[in-house]
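Read off the chains here:
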Amino acid sequence: MLTTYEAQIVASIFQLMDGMCRTDLNGHLITSERDYVSNFTSLIRRPFGIVPQLHQFTNLGILQTYAYSLNGRYERQYGCDGKIVFKKGNQYKIGMFEAKWPRYSKANYIWDDWVPKANSPISRFSRQLEKQSKVMHGVAIWEMFINEEREGRTLGPFKKWGSTNVWHADAYAFLQAHQFIHKEFWKNKHLDALLPGHGLHMYQIIKAILTCNRGKVFGRVGEAGNGVIKVGREGNDKEHALFLPDLLLRSPDNITNKEREQGSFDLKDHLEKQVKNYMRKEKIGFYAFVDLAHIAQLKDAMNWDEIIQKFE
């Protein structure tokens, strides 16, 4: 989808955003995992505000991003908090993630619990992992473990920078191998065993997605209106609905005659309503869209090598 260097640039931007959220968490400006993801989503909406060298690109449309969050919890369907869609031309990559804040620095903190009224004992996080295992093949899914330690310092098995992330496949394989799914809920001792061998920086997650080392490339297979398209993969009869803000912005085709006559149509409000309708239908709490059409223009924006070398 992207060249290695282009993917490294986008991955660097996401790593910087993740690090800013960790700094705010350490400073008690972020108070929950939902708050962390909401702030992360807000930074995706304004990617060039993270470092002074990028401010000049804010209004040039080089990296078009849209991000939204909903009140309440909407991860029931997929076992994930959020979805990030990357687009370049008519190619799409889909990433989904679930965020957890184990509060590792607090001894014996309980960050997972039993699902109430389940047919058999199963913890909330274990059930989320089971739901994620049923998501359409080709979607890149990971678990995002938040760390409250100061940015650049280590805490237990967590990474020094930003969050510590684990691919869903590795977390699910760990769960199955240790066979505790119906015996106990997740505890920090499980992270002590899982993270050292599988923990990744956000940089590594995003780079793997954009270089197609994780997840598959989806192509458009049908229009569904209101900014929603259907995507699929060659040889795969399954389809997945995606909301594309840029598509809706180009063709707001459901403006009513009354709105046209009164001049009361608000494109921004229309966009917000449509994406939130999509999020409710998909049962996700956070959604981000990143158009990478002009990413090559950022190659000389700043010295990316310093960031890239830190995480390669």
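Described below are features of the structure shown in this document. All of these numbers come straight from a predicted model, not from anything done at the bench.

What counts and how
Residues numbered from 1 in each chain as written. Predicted model: local features only at pLDDT ≥ 70, side-chain atom pairs only at ≥ 80, totals over all residues. Heavy atoms only, no water. Helix = DSSP H or I, 4+ residues; strand = E, 2+ residues; numbered from the N terminus. Buried < 20%, exposed > 50% of the residue type's maximum accessible area, 1.4 Å probe, protein only. Contact = heavy atoms within 4.5 Å. Areas by Shrake-Rupley, 256 points an atom, 1.4 Å probe, with all protein chains shown as cover. Phe/Tyr/Trp six-rings, centres within 6.5 Å; stacked < 30°, edge-to-face > 60°. Lys NZ or Arg CZ within 6 Å of the ring centre and 35° of its normal. 1 Å grid on protein atoms, 1.4 Å probe; cavity = no way out; pocket = protein on both sides within 12 Å on 5 of 7 lines; lining within 4 Å. Points joined across faces, edges and corners; volume = space filled by probe spheres on them. Nonpolar A, V, L, I, M, F, W, Y, C, P; charged D, E, K, R; others polar. Core = buried A, V, L, I, M, F, W, Y, C linked by side-chain atoms within 4.5 Å. Polar contact = N/O pair within 3.5 Å; in protein donor to acceptor, adjacent residues only side chain to side chain. Salt bridge = Lys/Arg side-chain N within 4 Å of Asp/Glu carboxyl O.

### Details of the overall build of the protein chain
Across its full length, the protein chain holds 10 helices and nine strands. The buried share of the protein chain, reckoned over its 312 residues, is 53%. Contacts spanning at least 24 positions in sequence make up 70% of the contacts within the protein chain whose residues lie at least 6 apart. When the accessible surface of the protein chain is summed, it comes to about 14,600 Å², and 46% of that surface belongs to carbon and sulfur atoms.

### Re the packing of aromatic side chains
On inspection of all chains with the given rule, the structure shows 16 aromatic pairs. Relative to Trp142, the ring of Phe97 has its centre 5.4 Å away and its plane inclined at 25°; by these criteria the two rings are stacked. Remark: Trp142 occurs in strand 4 (residues 140-145) and Phe97 occurs in strand 3 (residues 91-100); sequence separation between them is 45 residues. Comparing Phe97 with Trp142, the two get one shared label, buried. Summarising the aromatic geometry, the rings of Tyr203 and Phe311 are spaced 5.6 Å apart at their centres and angled 25° between planes, so their arrangement reads as stacked. Residue Tyr203 is found in helix 6 (residues 202-210), and its partner Phe311 is found in helix 10 (residues 305-311); the two are separated by 108 residues along the sequence. Members of the aromatic cluster, joined through ring pairs, are Trp111, Phe125, Phe145, Phe174 and Trp186. Over the aromatic face of Trp101 sits the side chain of Arg103, whose NZ or CZ is 3.7 Å from the ring centroid. The ring of Phe185 has Lys187 sitting right over it, with the charged end atom 5.5 Å from the ring centre.

### Some remarks on the layout of surface pockets
Of the voids in this model, the largest pocket is the one considered here, and its volume is about 290 Å³. Breaking the lining of the largest pocket down by element, the ones donating at least two residues are strand 4 and helix 4 (168-178). Looking at the lining of the largest pocket residue by residue, the class counts come to seven nonpolar, six polar and two charged.

### A look at the nonpolar core
Among the nonpolar cores identified, the biggest contains 50 residues, and Phe14, Phe86 and Leu210 are the most heavily contacted of them. Counting only elements with at least two residues in this core, the list comes to helix 1 (4-26), helix 2 (33-45), strand 2 (82-88), strand 3, strand 4, helix 6, strand 9 (286-291) and helix 10. Looking at this core element by element, the count peaks at nine residues for helix 1. Those residues in contact with Phe86 that lie beyond four places of it in its chain are Met1, Val10, Phe14, Gln91, Tyr92, Lys93, Ile206, Ile209, Leu210, Val290 and Leu292. Counting 28 residues, the second-largest nonpolar core is a separate cluster that includes Tyr78, Ile94, Leu271 and Ile284.

### Notes on the environment of Val10
Looking at the secondary structure, you find Val10 in helix 1. Judged by relative accessible area, Val10 falls into the buried class, the value being 1%. Counting along the chain gives 53 residues from Val10 to Leu63, while the straight-line C-alpha distance between them is 9.5 Å.

### Brief notes about the environment of Glu98
Tracing the sequence through the fold places Glu98 in strand 3. A sequence separation of 17 residues divides Glu98 from Asp81, and the C-alpha atoms of the two residues are 4.8 Å apart. At 3.1 Å, the side chain of Glu98 forms a polar contact with the backbone nitrogen of Asp81.

### Some words on the side chain of Gln132
The topology assignment puts Gln132 in helix 3 (residues 124-132). Beyond its immediate sequence surroundings of up to four residues, Gln132 is in contact with Tyr78, Gly79, Cys80, Glu98, Ile141, Glu143 and His168.

### Structural notes on the pattern of salt bridges
The tally for this structure, following the rule as stated, stands at 10 salt bridges. Among the salt bridges present, the one from Glu6 reaches Lys88, with a minimum N-O distance of 3.7 Å. Of this pair, Glu6 sits in helix 1 while Lys88 sits in strand 2, and the two are 82 residues apart along the sequence. Residue classification places Lys88 among the partly exposed positions, given a relative accessible area of 24%. The partner of Lys207 in a salt bridge is Glu312, and the shortest N-O contact between them spans 2.8 Å. Of this pair, Lys207 sits in helix 6 while Glu312 is found in the segment after helix 10, placing the two residues 105 residues apart along the sequence. On the basis of relative accessibility, which here comes to 19%, the residue Lys207 falls in the buried class.

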